[in-house]
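Geometric and topological summary
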Amino acid sequence: MKIAVIGTGYVGLVSGVCFSDFGHEVVCVDSNAEKIDMLREGEVPIYEPGLEALLARNVAAGRLSFSRDLAKAVAAADAVFIAVGTPTRRGDGHADLTYVYDAARQIGNAIDGYTVVVTKSTVPLGTNARVAEILAETSPDAEFDVVSNPEFLREGSAIEDFMKPDRVIVGVSSERAAQVIKDVYRPLYLRDFPVVITDMESAEMIKYASNAFLATKITFVNEIAMLCERVGADIKEVARGMGLDGRIGAKFLHAGPGFGGSCFPKDTSALARIGQEHGVPMRITEAVISVNEQVKRRMIDKITELCDDSVNGKRVAVLGVTFKPNTDDMRDAPSLTIVPALVGGGADVNVVDPEGKAEGAALLPGVNWFDDPYEAAKGADVLVILTEWNEFRALDLEALAKGMATPRMADLRNIYDPAIARAAGFKAYVAVGRS
């Protein structure tokens with residue numbers, strides 16, 4: 001099957017590469033000439049484990065190519081996937097659908113024969129219906145169907161998520177379109193992964209409802225962590241006890257500095273706006289958004305208290321600034337709230353992140369970048385663990401403590417045992433939801 005993927009951002013590139021590994025002939029299209037040139041040279045513009053090798057393999061097999069010529073790619077395709085960005089619109093919290101609708105117009109002008117147009121981007125209710133209207137307005141004689149196929153890829157494990165999904169959600173309005181999508185995902189059907197065929201509105205809602213629920217789990221456990229600190233409970237034990245209940249599950253019950261990334265912040269914001277527009281306020285989601293911001297500010301307070309109530313003139317070593325490990329994504333990362341507050345408070349901030357500097361250098365002005373955590377911590381007054389990269393999980397705590405001016409640690413991901421950290425020489429240690 002011939003597939004065109006419009007957009008070579010995170011979702012588009014991972015999807016295109018994985019579709020080609022299914023055996024389809026895939027063209028990934030982007031208007032950014034520099035990005036297309038990079039991809040043709042085998043360079044991947046994002047950090048995602050395993051993606052570069054998978055891309056190279058399918059390019060070598062002749063199944064995967066990259067182009068700026070949208071019209072040519074669409075005209076030859078059986079299925080066209082829209083995978084462009086839907087960032088939060090400034091001022092009102094809505095998803096900005098400009099790129100989706102622009103792509104729909106260009107696709108409409110290029111369709112040649114029956115084509116299934118699939119929206120892979122995260123879009124609010126009614127977007128796919130509007131895409132169908134745009135296609136019909138642009139090309140009244142075109143033969144097409146529109147399908148909603150939201151993505152559920154976790155950054156850092158996206159290839160595994162695509163190849164071994166919990167489920168594939170497909171919203172359709174015709175049996176013909178459903179059959180095309182079944183053909184696209186045939187390798188998953190053959191391995192009995194669930195492919196849920198539903199209407200387009202339900203598919204759109206499943207995406208938002210899923211991400212809002214996961215964001216709620218994170219925020220709930222962070223509130224419980226705050227209460228644990230007050231009453232002397234240990235959030236790690238509490239979360240473990242909760243997670244063993246099959247009705248709850250252990251995933252996303254990890255206390256920390258709040259959620260960030262490309263999905264949860266914008267999707268919770270968009271869902272809240274959708275609810276307001278339809279007269280059904282999403283009060284739980286609205287509370288999640290508010291509490292998540294409070295959690296980030298509480299982390300600043302923890303660090304400040306650890307520095308004798310003032311970070312002015314203190315040297316702070318921060319380990320990790322991406323919103324999660326195994327990605328270079330800085331979008332809505334807690335570090336973008338916490339680190340500027342430290343710099344603004346007069347701290348001298350040293351930063352280490354295995355993949356974060358490329359984006360972080362522009363987003364975090366006034367910090368000093370290091371490659372080695374021991375060098376970053378040398379002479380520091382406090383060490384802050386902000387992202388749980390594997391590189392930070394087995395540090396020589398004694399060596400870190402000895403190199404610091406005052407060995408104090410704010411372990412905001414709870415990756416170390418408090419007793420072990422203190423025994424290693426950290427005179428002061430704070431975590432999240434434990435003492």
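Up top is the structure.
1. Regarding the pairing of strand 2 (residues 25-29)
The pairing of strand 1 (residues 2-6) with strand 2 spans five bridges and is parallel. Each bridged residue has a counterpart across the sheet, and for lysine 2 the counterpart in strand 2 is glutamate 25. Chirality of the crossover, the property in question, places the unit of strand 1, helix 1 (residues 10-21) and strand 2 among those that are right-handed.

2. A few points about unusual backbone geometry
Phi at aspartate 308 is positive, roughly 60°, even though this residue is not glycine. For aspartate 308, the location among the structural elements is in the loop between helix 13 (283-306) and strand 9 (315-319). Here aspartate 308 falls in the exposed class, since its relative accessible area comes to 56%. Even without a glycine there, the phi angle at aspartate 309 is positive, about 75°. One can find aspartate 309 in the loop between helix 13 and strand 9. You can call aspartate 309 exposed: its relative accessible area is 60%.

3. Details of the packing of helix 1 against helix 3 (residues 51-60)
At their nearest, the axes of helix 1 and helix 3 sit 9 Å apart, and the two run at 45° to each other. It follows from the interaxial angle that helix 1 and helix 3 lie oblique. Handedness of the helix 1/helix 3 crossing: left-handed. Across from Leu13, Val14, Val17, Cys18, Ser20 and Asp21 in helix 1, the residues of helix 3 making contact are Leu51, Leu54, Leu55, Arg57 and Asn58. Residues that form the contact of helix 1 with helix 3 fall into these classes: seven nonpolar, two polar and two charged.

What counts and how
The residue numbers shown here count from 1 along each chain, following its written sequence. In keeping with the model being predicted, local features are shown solely for residues with a pLDDT of at least 70 and side-chain atom pairs are shown and tallied solely at 80 or more, while totals for entire chains, interfaces and linings include all residues. To get the side-chain values, all heavy atoms of the structure are used, and hydrogens and water are removed first. Should DSSP find at least two bridges between two strands, the strands are regarded as paired. In DSSP terms, a helix is any run of H or I states spanning at least four residues, a strand is any run of E spanning at least two, and both are numbered starting from the N terminus. Whether a crossover is right-handed depends on one test, that the path from the first strand over the helix to the second runs clockwise when the strands point away from the viewer. Buried residues are those whose accessible area, probed at 1.4 Å on protein chains only, stays under 20% of the maximum for their type, while exposed residues exceed 50% and partly exposed ones sit between those limits. Note on method: axes are straight lines fitted to C-alpha atoms, helices fitted across the in-contact stretch only, with angles between N-to-C directions ranging 0 to 180 degrees. By the definition adopted for this analysis, an angle is roughly parallel if under 35 degrees, roughly antiparallel if over 145, roughly perpendicular if from 65 to 115, and oblique otherwise. Here is the rule for handedness: rotate from the far helix to the near one, and if that takes an anticlockwise turn smaller than a right angle the crossing is left-handed, while a clockwise turn gives right-handed. For this analysis, residues touch if any pair of their heavy atoms sits within 4.5 Å. Just so you know the grouping, Ala, Val, Leu, Ile, Met, Phe, Trp, Tyr, Cys and Pro go in nonpolar, Asp, Glu, Lys and Arg go in charged, and all remaining residues, Gly too, go in polar.

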